[in-house]
Amino acid sequence: MKKILFAASECTPFIKTGGLADVVGSLPKYLNRDEFDVRVIIPKYMCIPEKYKQLMVYKTHFYMDLAWRQQYVGILEATVDGVHFYFIDNEYYFAGMAPYGNIYEDIEKFAFYSKAVLSAIPLLDFRPDIIHCNDWQTGLIPVFLHDRFQENEFFRGIKTIMTIHNLKFQGCWDKKRVMDITGLPEYYFSPDKLEAYGDANYLKGGIAYADYVTTVSESYAKEIQMPYYGEGLDGLMRARSNSLCGILNGLDYEEWNPETDPYIIKNYNAINFRKEKVKNKTALQKELAMNVDEKVFMIGVVSRLTDQKGFDLIDYVIEEICAEDTQLVVLGTGEAKYENLFRHFEWKYKDRVSANIYYNNERSHRIYASADAFLMPSLFEPCGLSQLMALRYGTVPIVRETGGLRDTVTPYDEYMSGGIGFSFANYNAHEMLNTIRYAKHIYYDKRREWNKIIDRGMAVDYSWNVSARKYEDLYRRLLG
Ligand code: ADP
Ligand code: GLC
């Protein structure tokens, strides 16, 4: 049995702020259990819902040195859907209403978490062959492992993988302060290691010290080797290009299934969506106090409201998007200017715009099931799971051709009768608007073509079937 330990800062069903949680919560379920014993370790945040905390059982605790301080580390465990989870407990670090707060605190929180993961391993009766790290919050794991833990026979030979879900977030802070927090010697704080542009950079440390680096789509793996998408680390990405690859995220097809989804009003599938899907639309229109009209073109948006997701393009032409023959349903939180933008347009066009400025998983399911089109004009997109959810629910994605969006949404081709969505190349508001208008034209004037787009979209397989095999190959190669 090959043993893999996933380390991450979020994971469904316990705690989620974005796609990272979806990936960490589903990939372990789909790896071959005859060959791999995969377990997951995450922080035990106070804000994890009570019903999940009740599943956790205390295992043990100890005190750990973090620089000059001694910190309590509790370990709890739980098994959900056949996957074994460990939780790192420390009420000082993991209090708070959300997993992340200000960066100043997070820097210390995740230094603690990363060292606690390594320190806990000898007490788990589970010595991983590979620690699979995710994003900057776990970037110090390969660094700590390289540092003092190597002196201990027990840790020697453990391999690490660093998966980049979003290169934009790197976990940067003042070098001196990070030295003080982590207790790592000055040796690590040079530009070929943790330092980037004068600061300490957790993700950079992880990338420099991991045995292998992956990211979540093939396009993004190429993009981050170029300055435009490289977020200042493109040089390092090029330097590591021999041990860097992109593996597309999969979607949990059991959780996201219009045929069995308990949150939607009317279940449907690839055969009966023509008749049944629209019942979700009218139900949602009622629920959101919009104009009830099964014919109107409904655009859905479920997203963090940030620049990454292309909201400045939407901002630029929102008046035109909210045309009389269109409804816009938005679910998301983020930058105040975008939250207010949608609130304003809901106030202006109550019958056709609905701004849901909060986080709500159930409602997200209902939007994926109800909308005709799903808009995701991202500036950059490492993979994107929302467009995969839309496809699964027969909702046609309208995306910008970048990263994982480019790799998953083949554009509609009127002449070849192919494609599963609509896309545009340049980060330009009018290009986006034209694409939305073109999609709307197909929807209103060529409904049979539109339905065939849905047929093809619902037929593609973006479950973990393919991608989990790629991770298995990578694990084998590393352990080979
Ligand atoms: P990212 O991780 O960059 O935010 P992804 O497309 O990979 O983007 O994943 C976003 C995930 O978060 C999807 O599962 C999406 O449905 C969910 N999500 C985003 N905002 C909300 C919200 N306000 N309410 C419920 N789910 C949301
Ligand atoms: C990040 C990316 C998103 C990706 C997700 C899961 O949040 O922004 O594109 O799908 O991680 O890998």
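Residues numbered from 1 in each chain as written. Chains lettered and ligands numbered in written order. Predicted model: local features only at pLDDT ≥ 70, side-chain atom pairs only at ≥ 80, totals over all residues. Heavy atoms only, no water.

1. Focus: the overall build of the chain
Working step 1: Looking only at helices and strands, the chain has 19 helices and 18 strands in total.
Working step 2: A compact globule built from 480 residues should have a C-alpha radius of gyration of about 23 Å, and the chain, at 23 Å, falls within 12% of that.
Working step 3: Taking all 480 residues of the chain together, 61% fall into the buried category.
Working step 4: For the chain, the proportion of contacts with a sequence separation of at least 24, taken over those separated by at least 6, is 72%.
Working step 5: Summed over its atoms, the accessible surface of the chain is roughly 19100 Å², and 50% of this surface lies on carbon and sulfur atoms. (Helix = DSSP H or I, 4+ residues; strand = E, 2+ residues; numbered from the N terminus. Rg over C-alpha atoms; globule rule 2.2 N^0.38 Å. Buried < 20%, exposed > 50% of the residue type's maximum accessible area, 1.4 Å probe, protein only. Contact = heavy atoms within 4.5 Å. Areas by Shrake-Rupley, 256 points an atom, 1.4 Å probe, with all protein chains shown as cover.)

2. What to know about the sheet that holds strand β9 (residues 195-196)
Working step 1: Reading across the sheet, the 3 strands line up as β8-β10-β9 and stay open at both edges, with antiparallel pairing between neighbours. Either end of the sheet is taken by a strand with one partner, and the two such strands are β8 (172-174) and β9.
Working step 2: The pairing of β9 with strand β10 (residues 199-201) spans 2 bridges and is antiparallel. The residue bridging Ala 196 from the neighbouring strand is Asp 199, located in β10.
Working step 3: Against the sheet, helix α5 (residues 175-182) touches β8, β9 and β10, its axis set at about 95 degrees to β8.
Working step 4: With respect to the sheet, helix α6 (residues 202-209) is in contact with β9 and β10, its orientation differing from that of β10 by roughly 55 degrees. (Pairing = 2+ DSSP bridges. Axes fitted to C-alpha atoms, helices over the stretch in contact; angles between N-to-C directions.)

3. A short note on the sheet that holds strand β11 (residues 212-215)
Within a beta sheet, neighbouring strands are joined by backbone hydrogen bonds and run either parallel or antiparallel to one another.
Working step 1: The mixed open sheet is built from 9 strands, whose spatial order is β3-β4-β5-β2-β1-β6-β7-β11-β12. Each end of this open sheet is capped by a strand with a single partner; those strands are β3 (57-66) and β12 (244-246). Geometrically, the sheet is characterised by an average inter-axis angle of 25 degrees between neighbouring strands, direction not taken into account.
Working step 2: Note: β11 against β12, 3 bridges, orientation parallel. Across the sheet, residue Val 213 finds its bridge partner in β12, namely Leu 244.
Working step 3: Where helix α19 (residues 464-479) meets the sheet, it contacts β1 (2-7), β2 (36-43), β6 (130-134), β7 (159-164) and β11, and its direction lies at approximately 145 degrees from that of β7.

4. Regarding the domain arrangement of the chain
Many analyses report the size of an interface as the accessible area lost when the parts associate.
Working step 1: As far as domains go, the chain holds domain 1 (2-250 + 465-479) and domain 2 (273-461).
Working step 2: Counting residues at the interface gives 22 residues for domain 1, matched by 19 residues for domain 2.
Working step 3: Around 1500 Å² of area is buried between domain 1 and domain 2 when both sides are counted, 55% of it from carbon and sulfur atoms.
Working step 4: If you look at where domain 1 meets domain 2, you find 0 salt bridges.
Working step 5: Here domain 1 is connected to domain 2 by 11 residue pairs in polar contact (both at pLDDT 80 or more).
Working step 6: Contributions of two or more residues to the side of domain 1 that touches domain 2 are made by α1 (19-30), α7 (218-223) and α8 (227-230).
Working step 7: Among the elements that make up the side of domain 1 that touches domain 2, the one with the highest residue count is α7 (4 residues).
Working step 8: Residue composition of the side of domain 1 that touches domain 2, by class: 7 nonpolar, 9 polar and 6 charged. (Domains from an automatic or database assignment. Buried area = accessible area lost by both parts, 1.4 Å probe. Salt bridge = Lys/Arg side-chain N within 4 Å of Asp/Glu carboxyl O. Polar contact = N/O pair within 3.5 Å; in protein donor to acceptor, adjacent residues only side chain to side chain. Nonpolar A, V, L, I, M, F, W, Y, C, P; charged D, E, K, R; others polar.)

5. Observations concerning the side chain of Glu 35
Working step 1: Structurally, the position occupied by Glu 35 is in the loop between α1 and β2.
Working step 2: Discounting residues that sit within four places of it in the chain, Glu 35 has contacts with Met 1, Lys 2 and Arg 476.

6. Here we look at the site of ligand 2
Working step 1: In the vicinity of ligand 2, 14 residues are found, and the nearest of them are His 165, Asn 249, Glu 381, Cys 383 and Gly 384.
Working step 2: Within the contact set of ligand 2, an oxygen atom lies 2.5 Å away from a side-chain nitrogen or oxygen of Glu 381.
Working step 3: Between Cys 383 and ligand 2, the recorded distance is 3.0 Å, taken from a backbone N or O atom to an oxygen atom.
Working step 4: Contact with the protein chains removes 93% of the 310 Å² of surface that ligand 2 exposes when unbound.
Working step 5: A total of 3 residues in the shell around ligand 2 trace back to one element, the largest contributor, which is α1. (Near = heavy atom within 4 Å.)

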